[in-house]
Amino acid sequence: MPLHRTLPLYALLLAACSAPPGQPQTAQNIHPGADCQDACGAGFRWAVEENLTSDAKCRGEGDFGRGCRAAVAQAHPFNH
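Residues numbered from 1 in each chain as written. Predicted model: local features only at pLDDT ≥ 70, side-chain atom pairs only at ≥ 80, totals over all residues. Heavy atoms only, no water.

Observations regarding helix H2 (residues 39–50)
Our working rule: Here a strand is any run of E in DSSP of at least two residues, a helix any run of H or I of at least four, and the numbering for each starts at the N terminus. Between the first and last residue of a helix there are one fewer steps than residues, each counted as 1.5 Å, and that sum is the expected span. Throughout this description, buried means an accessible area under 20% of the type-specific maximum (1.4 Å probe, protein chains only), exposed means over 50%, and partly exposed covers the range between. The directions considered for the arc are those from the helix axis to the C-beta atoms. In this analysis, two residues are considered to be in contact whenever any of their non-hydrogen atoms come within 4.5 Å of each other.
Counted at 1.5 Å a residue, the expected span for H2 with its 12 residues is 16 Å, and the 16 Å between its end C-alpha atoms agrees. Among all positions of H2, only Cys40, Gly41, Gly43, Phe44, Ala47 and Val48 are buried. In an axial view of H2, the angular spread of the buried residues amounts to 160°, which keeps them on one side of the axis. On the buried face of H2, the contacting elements are helix H3 (63–75). Looking at the residues trailing H2, positive phi occurs at Asn51, about 55°.

Structural data, given as structure tokens:
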């Protein structure tokens, strides 16, 4: 099939697969996962709200620190 006939199909396919526009990353629409609840989830949400780019502020070995480090690793995977 010629390219000029398939181009509209490819454009529709790309539009259908794209993410919805205008959805900022906030603590309400980012979920830490099933294994991170309570204190871990609180640390995760805190790191997202503070927009941390480094896990240096994620202190402690408890669940809060683990959630904080998980959020930083998820949002900025190449900053380690």
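So much for the structure itself; the text now carries on.
Some remarks on the nonpolar core
Operational definition: Buried Ala, Val, Leu, Ile, Met, Phe, Trp, Tyr and Cys residues that are joined via side-chain atoms within 4.5 Å together make up what is termed a nonpolar core.
Counting residues in each nonpolar core, the largest one holds 9 residues, listed as Ile30, Phe44, Ala47, Val48, Leu52, Cys58, Cys68, Ala71 and Val72. Those elements that provide at least two residues to this core are H2 and H3. If we ignore the near neighbours within four places in the chain, the residues touching Ala71 are Phe44, Ala47 and Val48.

Observations concerning the state of the cysteines
Worth spelling out the cut-off: Any two cysteine sulfur atoms lying within 2.5 Å of each other are counted as a disulfide.
For the structure on display, the rule yields 2 disulfides. Bridging Cys36 to Cys40, the disulfide has an S-S length of 1.8 Å. One disulfide, between Cys36 and Cys40, carries an S-S torsion of -100° and so falls in the left-handed class. For the pair shown, Cys36 and Cys40 are each scored as buried. In this model, Cys58 is linked to Cys68 through a disulfide, with the two sulfur atoms separated by 1.9 Å. On the S-S bond that ties Cys58 to Cys68, the torsion sits near -60°, and the link is left-handed. In this pair, Cys58 sits in the loop between H2 and H3 while Cys68 sits in helix H3, placing the two residues 10 residues apart along the sequence. The pair formed by Cys58 and Cys68 is uniform in burial state, with each residue classed as buried.

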